[in-house]
Amino acid sequence: MVDQQNANAVKTAQTTFEILEELKNRNEATLAELTQAFDLSKSSIHNYLTTLEADGYVVKEGGRYKVGLRLLDLGGHARHHERIYDIAKDEVAALAEETGELANLMVEQKGKGVYLYRSHGADAVKTDSYTGQRVYLHNTGLGNAILAHLPRERVTEILDTHGMPATTENTITDREELFSHLEQVREAGIAFDDEARVEGLRCVAVPIVNNNNTVEGAISVSGPTSRFQDERFREELPAKLKSAANVIELNITYT
């Protein structure tokens, strides 16, 4: 009986998170739309939504539900407890100001990349990404910089779990091709994203590696292909990123 109660409690918690994920993916939804998305009665979905709304995790406006800002509190709390965030954010902000582009900090968690911090320079383009977003690692410069410094068996585990879906025609979807690419990234200490995730967007990324040779995350600068050309793309931005990464790694070691 106790085991069944535990199973029911776990299922209830799982459904709660699935409803929140569905609302996030849809941006907003009605009770009827959510009922269609789940194998539950309308009254059951309503009970979940009522509970979430009462606690501020969901808000209702004009008969439509969306994710509430209470989750931002949890996300902000989680971010501030990531040591690399406090150490790296000033360097990332400085990169954005110096280059005028979009600068990013990413960490790996559960086999996905999480944007921990983003800073917009004066000319930064708007993208579909946002702080806290979880993305695949195989199709981003940041992700490649991280994967290149993980053990091969860990990379294999990540690919087995999450796959290698194509998001543009430049996305690497062959596993052996990716491993060959990651070897080049590891040797060079830098990853170039040439429209691998978003068409028209290029990215230069470098890993953040601690004194135990463990990758803690990665930083990048991204922008439109029209501005990321030739020497700026291949030499100038990589040099700036490596300099910033060096400062962050020293602060990780001695802070």
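- Under an unreviewed UniProt entry, the name given to the protein is IclR family transcriptional regulator, and the source organism is Haloarcula terrestris.

### So, the layout of surface pockets
Logical step 1: In this structure, the largest pocket spans a volume of roughly 1,100 Å³.
Logical step 2: Lining the largest pocket are 24 residues, with Leu 71, Gly 75, Thr 131, Gly 132 and Gln 133 positioned closest to its centre.
Logical step 3: Looking at the lining of the largest pocket, the elements that each hand over two or more residues are helix 1 (2–26), helix 4 (70–80), strand 3 (102–109) and strand 4 (112–120).
Logical step 4: Approximately 160 Å³ is the volume attributed to the second largest pocket.
Logical step 5: Together, Leu 23, Lys 24, Asn 27, Lys 66, Val 67, Gly 68, Leu 69 and Leu 72 line the second largest pocket.
Logical step 6: Taken together, the elements giving at least two residues each to the lining of the second largest pocket come down to helix 1 and strand 2 (64–67).

### Side note on the UniProt feature "domain: HTH iclR-type" (unreviewed entry) in the protein
Logical step 1: UniProt records the feature "domain: HTH iclR-type" (unreviewed entry) at residues 10–69, using the numbering of this structure.
Logical step 2: Taken end to end, residues 10–69 comprises 62% helix and 13% strand; its first and last C-alpha atoms sit 24 Å apart.

### Regarding the pattern of salt bridges
Logical step 1: Scanning the model with the defined rule gives 15 salt bridges in all.
Logical step 2: Among the salt bridges present, the one from Lys 24 reaches Glu 21, with a minimum N-O distance of 3.5 Å. With Lys 24 and Glu 21 both in helix 1 and three residues apart, this pair spans about one turn of that helix.
Logical step 3: Residue classification places Lys 24 among the partly exposed positions, given a relative accessible area of 41%.
Logical step 4: Given the relative accessible area of 44%, Glu 21 is considered partly exposed.
Logical step 5: One salt bridge in this structure joins Glu 22 and Arg 26, with 2.7 Å as the shortest N-O distance. Here Arg 26 and Glu 22 lie together in helix 1, a separation of four residues that amounts to about one turn.

### Focus: unusual backbone geometry
Logical step 1: In this structure, Asn 27 is a non-glycine residue whose phi angle is positive, near 75 degrees.
Logical step 2: Assignment of secondary structure puts Asn 27 in the loop between helix 1 and helix 2 (31–37).
Logical step 3: A positive phi angle, close to 60 degrees, is found at Asn 213, a residue other than glycine.
Logical step 4: Looking at where Asn 213 falls in the secondary structure, it is placed in the loop between strand 7 (201–209) and strand 8 (215–224).

### Observations concerning a negative patch on the surface
Logical step 1: A cluster of like negative charges, contributed by Asp 230, Glu 231, Glu 235 and Glu 236, occupies part of the molecular surface.
Logical step 2: Mapped onto the fold, Glu 231 is located in helix 9 (residues 230–254).
Logical step 3: Overall, Glu 231 belongs to the exposed group, its relative accessible area being 54%.

### What about the UniProt feature "domain: IclR-ED" (unreviewed entry) in the protein?
Logical step 1: If you check UniProt for "domain: IclR-ED" (unreviewed entry), the listed places come out as residues 70–254 in our numbering.
Logical step 2: This span, residues 70–254, is 46% helix and 23% strand, and a straight line between its end C-alpha atoms measures 35 Å.

### Some remarks on the packing of helix 7 (residues 152–162) against helix 8 (residues 175–188)
Logical step 1: Viewed as axis vectors pointing N to C, helix 7 and helix 8 meet at an angle of 140 degrees, and their least axial separation amounts to 12 Å. As the angle between them shows, helix 7 and helix 8 are arranged oblique. Of the two possible hands of crossing, helix 7 and helix 8 adopt the one that is right-handed. Counted together, Arg 152, Val 155, Thr 156, Leu 159 and Asp 160 of helix 7 and Arg 175, Glu 176, Leu 178, Phe 179 and Leu 182 of helix 8 form the full contact between these two elements.
Logical step 2: Tallied by class, the residues present in the contact of helix 7 with helix 8 amount to five nonpolar, one polar and four charged.

Reading guide: rules and limits
Residues numbered from 1 in each chain as written. Predicted model: local features only at pLDDT ≥ 70, side-chain atom pairs only at ≥ 80, totals over all residues. Heavy atoms only, no water. 1 Å grid on protein atoms, 1.4 Å probe; cavity = no way out; pocket = protein on both sides within 12 Å on 5 of 7 lines; lining within 4 Å. Points joined across faces, edges and corners; volume = space filled by probe spheres on them. Helix = DSSP H or I, 4+ residues; strand = E, 2+ residues; numbered from the N terminus. UniProt positions renumbered as here; feature names shortened; annotations may be inferred. Salt bridge = Lys/Arg side-chain N within 4 Å of Asp/Glu carboxyl O. Buried < 20%, exposed > 50% of the residue type's maximum accessible area, 1.4 Å probe, protein only. Patch = residues over 30% accessible without salt bridge, like charges linked within 9 Å, V, L, I, M, F, W, Y side chains within 5 Å. Areas by Shrake-Rupley, 256 points an atom, 1.4 Å probe, with all protein chains shown as cover. Lys, Arg positive; Asp, Glu negative; His and termini not counted. Charge placed at Lys NZ, Arg CZ, Asp CG, Glu CD. Axes fitted to C-alpha atoms, helices over the stretch in contact; angles between N-to-C directions. Parallel < 35°, antiparallel > 145°, perpendicular 65-115°, else oblique. Left-handed = near helix turned anticlockwise from the far one by under 90°. Contact = heavy atoms within 4.5 Å. Nonpolar A, V, L, I, M, F, W, Y, C, P; charged D, E, K, R; others polar.

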